[in-house]
Protein chains: 2
Amino acid sequence: MEDRRQEILDAAVDLADEMGLEAVSMRAVAQRTGVTPMALYSHVGSKAELLDGMVGRLLAQLRLPESAGAAMPGGPGPAPDAPGPDWRERLRTLGHSARTLVHRHPWASALLFSRPAVAPDAVRVVDQINAMLRDAGVPSPEVPRLERLVGTVILGFAASEAGGRFGAAEPGCPVDWDAEFEADLDDVLRLVEMTASGKATTSMPGSR
Amino acid sequence: MEDRRQEILDAAVDLADEMGLEAVSMRAVAQRTGVTPMALYSHVGSKAELLDGMVGRLLAQLRLPESAGAAMPGGPGPAPDAPGPDWRERLRTLGHSARTLVHRHPWASALLFSRPAVAPDAVRVVDQINAMLRDAGVPSPEVPRLERLVGTVILGFAASEAGGRFGAAEPGCPVDWDAEFEADLDDVLRLVEMTASGKATTSMPGSR
DNA sequence: ACCTGAACACCGTTCAAGT
DNA sequence: ACCTGAACACCGTTCAAGT
C-alpha cells in the first residue's frame, strides 16, 4: 500500500506550508499522521527521502500546458497539424505555473536546486521544455543547454523571491515583481528565438 | 574587538568547506575556536547571524574586476577616457569569479538565495553589475531588472551545479559544464546588447 | 509487514553565575 | 564585557520487542 506514504508526504507538505520547512521533523510529521515517529521509516526510509518525496508531490501536481497537437477530441488518431498553443504560449504558461507553485510552497525552492531532475515527475517537466524548444526550431545540440538555462531563470527568479534575495529593494521605489517576471520571460523567449534562427554563434562545439 | 568575530566566522567557513554545512553547529564552531558554545553568542548573536556572517566573509573575498577608468596609476585626477576592460570582459570576469567561489564553497549557494543583498559586501557586487550595464548602454529604468536577471542566471547556474540539479544528466553523454557556462554568459551578453540597442520592446512601463 | 518504546548522540538557546 | 556550566526542549536514527 503506497497509500500510507502519500498520506505522510501530504502531511509533511501541509506542515511545511503552515509552519515552514524547519518545522518539518520526523516527530512532527508523525504526530500529524497520528503515528509514532519510528513508524515513518517503513514508508520513507529517511528524512532526506521524505524531503525528496515532498518535492515529488509538488512537481506531480504542477499543471503542464498541453503540448501542441495532443489531447485533441475526436478519436485516438494522430493529428499532427492540430494547432495547439504555440511554444511561446506554452513556455509562458509553464513559467507562470512554476512561479505560482513556489509562491504557494516557498520552502520548495531551495530543495528544487538540490535534487537532480531524476524522478519521473521532474523529467516530465524537462521533457516538456525540450519539446517546446524543438518546436521553436532550436538546433538539437543546443536543446539540452537551453532547457537548463530556461529552467535556471524561472527557478532562480522564483527562488530569489521566495528566499528573500530580491527582498526590500528600494523603500522609495516599489517593484512590480509580476511585471519583472513577465519581462524576464520576454527576454528568455527572445533568446530562444535567436538561437533558433541561428543568429547566435554556436558556442557549444561537439560535446567532449 | 571585532577580531574575535572574524575568527569565529573563519572557523565556521573552514568547517563548512571540510564537513559540509550541516556540520556547522554552534557547538562544533565553538570547539574549533577553542571556546565554549555559549561564548559565541557574545559575538554572533544567533546561528542565523553566524550564517549571514559566513556568506559576508565569502562575498568580501570575491575579487571584482576593476571598473573602467578606475585604479589608474598617476595621481588622483579622474581619467574618464582611460580604457579599462570593457563591460563585456568585466561581466565575464565577475561571472567566473562567482562560479569559482561557489565551486570552492558549495554550501554557500543555498544561502545566497535566502539572504537579501543588504550587507555592504553584497551591494558592492550589485553596484558593480549596475555599472557594467550602464556602460553597456542599457536604459536606466531597465538596469535594476537586468542586474537581477544577470545575477539570477550566474547564481542559478552555480547553485544548480553545486546543489546537484544538473547532476547525472545522461550517462552516455558527458556535459562540459565550463563550455555550457561560457555559452550561457554569451547569451546573457547578447541579451544585454539587445536591451541596450533598444531592439527589445520595453516591457516594463512605469513601475506601479 | 508494520508499529512501538526506550535509548543514543546530538541540536540551539536561556539562565544564573563567575571574572 | 566576556566566558562558563548546567539545564530545557528539541533533533534523526538504531535497536530490541511486540502483533
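For the structure itself, look to the data block above.
An account of the accompanying structure is given in this report. As the structure is a prediction and not an experimental result, all values here were calculated from the model.

The rules we used
Residue positions are counted from 1 within each chain, in the order its sequence is given. Whichever chain is written first becomes A and whichever ligand is written first becomes 1, with later ones labelled in order. Reporting of local features is limited, given that this is a predicted model, to residues whose pLDDT is at least 70; pairs of side-chain atoms are given and counted only at 80 or more, and all residues count toward the totals for whole chains, interfaces and linings. Computation of side-chain values: all heavy atoms of the structure, hydrogens and water removed. Buried means the residue's accessible area, taken with a 1.4 Å probe over protein chains only, is under 20% of the maximum for its type, while exposed means over 50%, and partly exposed covers the values in between. Counting from the N terminus, the helices are DSSP H or I runs at least four residues long and the strands are E runs at least two residues long. Taking the helix axis as origin, the arc is that swept by the directions to the C-beta atoms. Residues are treated as being in contact if the distance between any of their heavy atoms lies within 4.5 Å. The term buried area denotes the loss of accessible surface (1.4 Å probe radius) that occurs when two parts are joined, taken as the sum for both partners. Here, a salt bridge means any side-chain nitrogen of Lys or Arg that lies within 4 Å of a carboxyl oxygen of Asp or Glu. Classification convention: Asp, Glu, Lys, Arg as charged; Ala, Val, Leu, Ile, Met, Phe, Trp, Tyr, Cys, Pro as nonpolar; all other residues, Gly among them, as polar. Axis angles are defined between N-to-C directions and span 0 to 180 degrees, where every axis is a line fitted to C-alpha atoms and, for a helix, only to the segment in contact. Relative orientations are named as follows: roughly parallel for angles under 35 degrees, roughly antiparallel for angles over 145 degrees, roughly perpendicular for angles from 65 to 115 degrees, and oblique for any other angle. With the far helix as reference, a near helix turned anticlockwise by less than a right angle produces a left-handed crossing, and one turned clockwise produces a right-handed crossing.

**Observations concerning helix α2 (residues 26-33) of chain A**
Residue and element names in this part refer to chain A. Listed in full, the buried residues belonging to α2 are M26, V29, A30 and T33. Take α2 and look down its axis: the buried residues cluster within an arc of 100 degrees, on one side only. Opposite its buried face, α2 presents the exposed residues R27 and Q31, each directed more than 90 degrees away. Just past α2, the residue G34 takes up positive phi, approximately 75 degrees.

**A few points about the interface of chain B and chain A**
As a measure of interface size, the accessible area lost when the parts come together is often cited. Opposite the 43 residues of chain B that make contact, chain A presents 42 residues. When residues of chain B are sorted by the area they lose upon contact with chain A, F113, R148 and R165 of chain B head the list and together hold 20% of the total. Our count for the contact surface shared by chain B and chain A stands at 6 salt bridges. Between D184 of chain A and R145 of chain B there is a salt bridge whose closest N-O contact spans 2.7 Å. Of all elements in the fold, only α6 (108-114), α8 (143-163) and α9 (177-196) of chain B reach the threshold of two or more residues within the side of chain B that touches chain A. At 13 residues, the largest contribution of residues to the side of chain B that touches chain A is made by α8 of chain B. Across the side of chain B that touches chain A, the residue classes tally to 22 nonpolar, 11 polar and 10 charged.

**A word on the packing of helix α5 (residues 87-104) of chain A against helix α8 (residues 143-163) of chain A**
Residues and elements named next belong to chain A. Where α5 contacts α8, the axes come no closer than 9 Å and their chain directions differ by 30 degrees. Relative to α8, α5 is oriented roughly parallel. As for the relative orientation of α5 and α8, their crossing is right-handed in sense. For the pair α5 and α8, contact is made by L91, G95, A98, R99, V102 and H103 and by V150, I154, F157, A158, E161 and A162, respectively. Its residues placed into classes, the contact of α5 with α8 shows 8 nonpolar, 2 polar and 2 charged.

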